[in-house]
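Each chain, letter by letter, is given below.
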Amino acid sequence: MGSHLCDRFIKEHYEVIGMDNLITGDLKNIEHLFKLRNFEFYHHDVSKFVFVPGHLDYILHFASPASPIDYLKIPIQTLKVGSLGTHNLLGLAKGKKARILVASTSEVYGDPTVHPQKEEYWGNVNPVGPRGVYDEAKRFQEAITMAYHTYHGLETRIIRIFNTYGPRMRLNDGRVLPAFIGQALRGEDLTIFGNGSQTRSFCYVDDLVEGIYRLLLSDYHQPVNIGNPDEITIAEFAEEIIKLTGTKQKVIYKDLPVDDPKQRQPDITRAREILKWEPKVSRKEGLTITYEYFKNLPEEELYKSKHRFA
Ligand code: UDP
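Summarised in this report is the structure supplied together with it.

What counts, and where the lines are drawn
- Residues numbered from 1 in each chain as written.
- Predicted model: local features only at pLDDT ≥ 70, side-chain atom pairs only at ≥ 80, totals over all residues.
- Heavy atoms only, no water.
- Disulfide = S-S within 2.5 Å.
- Buried < 20%, exposed > 50% of the residue type's maximum accessible area, 1.4 Å probe, protein only.
- Helix = DSSP H or I, 4+ residues; strand = E, 2+ residues; numbered from the N terminus.
- Pairing = 2+ DSSP bridges.
- 1 Å grid on protein atoms, 1.4 Å probe; cavity = no way out; pocket = protein on both sides within 12 Å on 5 of 7 lines; lining within 4 Å.
- Points joined across faces, edges and corners; volume = space filled by probe spheres on them.
- Contact = heavy atoms within 4.5 Å.
- Polar contact = N/O pair within 3.5 Å; in protein donor to acceptor, adjacent residues only side chain to side chain.
- Near = heavy atom within 4 Å.
- Areas by Shrake-Rupley, 256 points an atom, 1.4 Å probe, with all protein chains shown as cover.
- Nonpolar A, V, L, I, M, F, W, Y, C, P; charged D, E, K, R; others polar.
- Axes fitted to C-alpha atoms, helices over the stretch in contact; angles between N-to-C directions.
- Parallel < 35°, antiparallel > 145°, perpendicular 65-115°, else oblique.
- Left-handed = near helix turned anticlockwise from the far one by under 90°.
- Phe/Tyr/Trp six-rings, centres within 6.5 Å; stacked < 30°, edge-to-face > 60°.
- Lys NZ or Arg CZ within 6 Å of the ring centre and 35° of its normal.

1. Focus: the state of the cysteines
Part 1 of the reasoning: Here the structure, examined in full by the defined rule, presents 0 disulfides.
Part 2 of the reasoning: Between Cys6, a cysteine without a disulfide, and Cys203, which holds the nearest cysteine sulfur, the sulfur-to-sulfur distance is 19 Å.
Part 3 of the reasoning: For Cys203, a relative accessible area of 0% translates into the label buried.

2. Overview of the pairing of strand E3 (residues 58-61)
Part 1 of the reasoning: Burial of the side chains of E3 is restricted to one face: Ile59 and His61 are buried, whereas none of Tyr58 and Leu60 on the reverse face is.
Part 2 of the reasoning: As paired elements, E3 and strand E4 (residues 99-105) share 4 bridges and run parallel to each other. Looking at E4, one finds that Leu60 is bridged to Leu101.

3. Focus: the layout of surface pockets
Rolling a probe over the atoms, with the probe sized like a water molecule, indicates the empty space that remains.
Part 1 of the reasoning: Computed from the structure, the second largest pocket encloses a volume of approximately 250 Å³.
Part 2 of the reasoning: Together, 15 residues line the second largest pocket, and Glu119, Tyr121, Trp122, Glu142 and Arg160 are the ones closest to its centre.
Part 3 of the reasoning: Residue contributions to the lining of the second largest pocket peak at 4 residues, all from helix H4 (residues 132-152).

4. Some remarks on the environment of Ser3
Part 1 of the reasoning: Counting through the fold element by element, Ser3 comes out in helix H1 (residues 2-11).
Part 2 of the reasoning: Ser3 sits in the buried class, given a relative accessible area of 8%.
Part 3 of the reasoning: It is 21 Å that separates the C-alpha atoms of Ser3 and Glu285, two residues lying 282 residues apart in sequence.
Part 4 of the reasoning: Those residues in contact with Ser3 that sit more than four places away from it in its chain are Asn29, Ile30 and Arg168.
Part 5 of the reasoning: Separated by 2.9 Å, the side chains of Ser3 and Arg168 make a polar contact.

5. Comments concerning the environment of Glu278
Part 1 of the reasoning: Here Glu278 lies in the loop between helix H8 (269-275) and helix H9 (283-295).
Part 2 of the reasoning: The exposure class assigned to Glu278 is partly exposed, which follows from its relative accessible area of 36%.
Part 3 of the reasoning: Considered as a pair, Glu278 and Ile268 are 10 residues apart in the sequence and their alpha carbons are 7.6 Å apart.
Part 4 of the reasoning: For Glu278, the residues in contact, after removing those within four places along its chain, are Ile268 and Arg272.
Part 5 of the reasoning: For Glu278, the side chain forms a polar contact with the side chain of Arg272, separated by 2.8 Å.

6. Some remarks on the site of the ligand
Part 1 of the reasoning: Near the ligand you find 18 residues, and of these Thr191, Phe193, Arg200, Asp260 and Arg264 are the closest.
Part 2 of the reasoning: One nitrogen or oxygen atom from the side chain of Arg264 is found 2.8 Å from an oxygen atom belonging to the ligand.
Part 3 of the reasoning: Relative to its unbound accessible surface of 520 Å², the ligand loses 95% to contact with the protein.
Part 4 of the reasoning: Among the residues making up the shell around the ligand, the classes are represented as 8 nonpolar, 4 polar and 6 charged.

7. Focus on the sheet that holds strand E5 (residues 156-161)
Part 1 of the reasoning: Taken together, 4 strands build an open sheet; the order of strands is E3-E4-E5-E10 and the sheet is parallel. Of all the strands in the sheet, just E3 and strand E10 (224-226) have a single pairing partner and so form its edges. Recorded for the sheet is a direction-independent mean angle of 25° between the axes of neighbouring strands.
Part 2 of the reasoning: When E4 meets E5, the two strands line up parallel, connected through 6 bridges. Looking at E5, one finds that Val102 is bridged to Ile158.
Part 3 of the reasoning: With respect to the sheet, H4 is in contact with E3, E4 and E5, its orientation differing from that of E4 by roughly 155°.

8. Considering the packing of helix H3 (residues 75-96) against H4
Part 1 of the reasoning: It is the contact of H3 with H4, at a shortest axis distance of 8 Å, that shows an interaxial angle of 15°. Relative to H4, the element H3 is oriented roughly parallel. Considering how the two elements wind past one another, H3 and H4 form a crossing that is right-handed. In this structure, H3 uses Pro75, Thr78, Leu79, Gly82, Ser83, Thr86, His87, Leu90, Gly91 and Lys94 to contact H4, whose residues at the interface are Val133, Tyr134, Ala137, Phe140, Gln141, Ile144, Thr145, Tyr148 and His152.

9. Regarding unusual backbone geometry
Part 1 of the reasoning: Here the bond from His115 into Pro116 is cis, since omega is -10°, no more than 30 degrees from zero.
Part 2 of the reasoning: For Pro116, the location among the structural elements is in the loop between E4 and H4.
Part 3 of the reasoning: Residues other than glycine seldom take positive phi values, yet Arg168 does so here, at roughly 80°.
Part 4 of the reasoning: Residue class for Arg168 comes out partly exposed when judged on its relative accessible area of 24%.
Part 5 of the reasoning: One non-glycine residue, Lys276, lies in positive phi territory at about 55°.
Part 6 of the reasoning: Among the structural elements, Lys276 can be located in the loop between H8 and H9.

10. Some remarks on the packing of aromatic side chains
Part 1 of the reasoning: In this structure the tally under the stated criterion is 12 aromatic pairs.
Part 2 of the reasoning: Pairwise contacts between aromatic rings join Phe9, Tyr14, Tyr58 and Tyr213 into one cluster.
Part 3 of the reasoning: The ring of Tyr213 carries the charged tip of Arg8 above its face, separated from the ring centre by 4.2 Å.

What follows is the structure, given as structure tokens:
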């Protein structure tokens, strides 16, 4: 997401500073920006005090592992970046009199009992379950962001992001789309967790970036869902990937992870009304572009099974 956001803001002629500790990110996604005069990169962990000289208009806080496999492996860092990291960036925004947009998530709804999920729904989260480290960090993030808005008058924006995909995802990040495509490219069977009846709704990255851009420039401080409401079961999704990649492999079934949400679909009425936004890229189109990207990666990327922090 970070690299795509940098690209968009550069395109809009902003001066952009990227900041990342690269624990899950990769410099090669922003290599093309290093030659630009209006781009700078800081290798820094926002959970530690953040110093940036000069003026800032906007801060976008997207720092966090976001794949369940990642945040299960680095639970403390995940909690810290959602809490301490958010606090540091809110402090920076206050000091610079900048507007801040924070990336929240559909995970604040947990395993939802309301469907599709509206922003008014408070969620069904298990605080001490394995996913709690991400969900509760993001819920805290929303709470402290709202508190800075209310008590300090800070200009804040909160986006709740639903499953997003596109080029530059890590093939080994554990999420379902890179997992399935990676398996197809390596000639392995596709691993469905549980019986595959759980649903997700996948949004193409360019649509998400447009939603973020519009929300940042809007004057709306309540949370806004951004995602694609086109919902599909994971079993159907596996079939789509098999068709797309032409793999001869089959699907195999593995245990469903603890607290894995059974259904997920954003209600995007608010985004439609306030931002005049809705997704434009169909799953078919988005998957074709994304598959092209993965197919053209160097061979060794396919076999990088270890996480960098493992
Ligand atoms: N999933 C799966 N096989 C995989 C990886 C994930 O069946 O190899 C399932 C997972 O259990 C979940 C859905 O796909 O129900 C989406 O998982 P993902 O990790 O992409 O993100 P989540 O939406 O759960 O945050």
